[in-house]
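Working through the structure, step by step
Take a look at the letters that make up each chain.
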Amino acid sequence: MASPTLPLLPLALVLLCLSPACAAGRVTVSVYYETLCPFCSAFVVNDLARIFQDGVSSIADLRLVPFGNGRVSAQGSITCQHGEEECQLNAIEACVIRLWPKAEQHFPFIQCVEHLALTRKWDAWQSCFQETSLPSQPVIDCYNSGYGRQLELQNAAETNALQPPHRFVPWVVVNGKPLGEDYMNFEAYICSVYDGELPAACKGKHLAIAQHTKASGGDKKNI
């Protein structure tokens, strides 16, 4: 009797599982922020963007969670630290993140908006659609339908459930570990916990965590 034929794995899957990525899990990096916080905008534009340029993004799963120091009342209304415009932009960015879940897709739009926030030109946020070539209508529909608000309530629940609670924003968590005031050194933490082949940009960084100067924190949490 002929032996049963085993199904052949697709060649691409075989090659993938021979690569270092099959043995090493990507590092989860969660950034809790709010759109009109100057510290958050500067971090997104000047620091977080760097991982897409130096290759560290290849070993990290970046999660952006826009809500920050906002509050949700018992009736479900949302109040944001920097006013109603921040609530709107938080929801807009949440919609973009949900519509294009891969960080490589949504991050350019987020970076564009946060750059405008840094220069106090956030009213021009819709220009980021043209700059990043993302279609505007799905995002506008998401916001106008109220789905953006539902996403913000989800972000609020996740942010408020953080243990330990966040003290300021941006609040950066790497593989479940909050970095606190050392958040500016986030790349070194990513490199230090990744157990696979490191990109060239990690050289030396995983050995230098304690040598970096801590950041002074960001926008403090409302008391």
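Please read these numbers as outputs of a predicted model, since none were measured by experiment.

1. Observations regarding the environment of Val 45
Structurally, the position occupied by Val 45 is in helix α3 (residues 38–47). Classification of Val 45 by relative accessible area gives buried; the value is 14%. Along the chain, Val 45 and Gln 111 lie 66 residues apart, while their C-alpha atoms are 5.6 Å from each other. Beyond its immediate sequence surroundings of up to four residues, Val 45 is in contact with Gln 111, Glu 114, His 115 and Leu 118.

2. With respect to the layout of surface pockets
The space that makes up the largest pocket amounts to roughly 250 Å³. In terms of lining residues, the largest pocket is bounded by 14 residues, among which Leu 64, Ala 94, Ile 97, Arg 98 and Asn 155 are the most central. Sorting the residues of the lining of the largest pocket by element identifies β2 (60–66), α5 (84–99) and α9 (147–160) as the ones contributing at least two each. Per element, the largest residue contribution to the lining of the largest pocket is five residues, and it comes from β2.

3. Notes on α9
Between its first and last C-alpha atoms α9 spans 20 Å; for 14 residues at 1.5 Å apiece the expected length is 20 Å, and the two agree. Of the positions making up α9, those classed as buried are Gly 148, Leu 151, Glu 152, Asn 155, Ala 156 and Thr 159. End-on, the buried residues of α9 take up no more than an arc of 145°, which puts them together on one face.

4. Some thoughts on the state of the cysteines
For the coordinates displayed, the defined rule picks out four disulfides. The residue that forms a disulfide with Cys 95 is Cys 142, at a sulfur-sulfur distance of 2.1 Å. An S-S torsion of about -80° defines the bridge between Cys 95 and Cys 142 as left-handed. With Cys 95 in helix α5 and Cys 142 in helix α8 (residues 137–144), this residue pair connects regions lying 47 residues apart in the sequence. Cys 142 sits in the buried class, given a relative accessible area of 7%. A disulfide bridge connects Cys 112 with Cys 128, and the sulfur atoms are separated by 2.1 Å. Between Cys 112 and Cys 128 the disulfide shows an S-S torsion of about -85°. By sign, it is left-handed. Taken together, the positions of Cys 112 in helix α6 (residues 103–118) and Cys 128 in helix α7 (residues 127–132) put the pair 16 residues apart, joining distant regions of the chain. With its disulfide-bonded cysteines labelled consecutively along the sequence, the chain is connected as 1-2, 3-6, 4-5, 7-8.

Scoring rules and cut-offs
- Residues numbered from 1 in each chain as written.
- Predicted model: local features only at pLDDT ≥ 70, side-chain atom pairs only at ≥ 80, totals over all residues.
- Heavy atoms only, no water.
- Helix = DSSP H or I, 4+ residues; strand = E, 2+ residues; numbered from the N terminus.
- Buried < 20%, exposed > 50% of the residue type's maximum accessible area, 1.4 Å probe, protein only.
- Contact = heavy atoms within 4.5 Å.
- 1 Å grid on protein atoms, 1.4 Å probe; cavity = no way out; pocket = protein on both sides within 12 Å on 5 of 7 lines; lining within 4 Å.
- Points joined across faces, edges and corners; volume = space filled by probe spheres on them.
- Expected span 1.5 Å × (residues − 1).
- Arc of directions from axis to C-beta.
- Disulfide = S-S within 2.5 Å.

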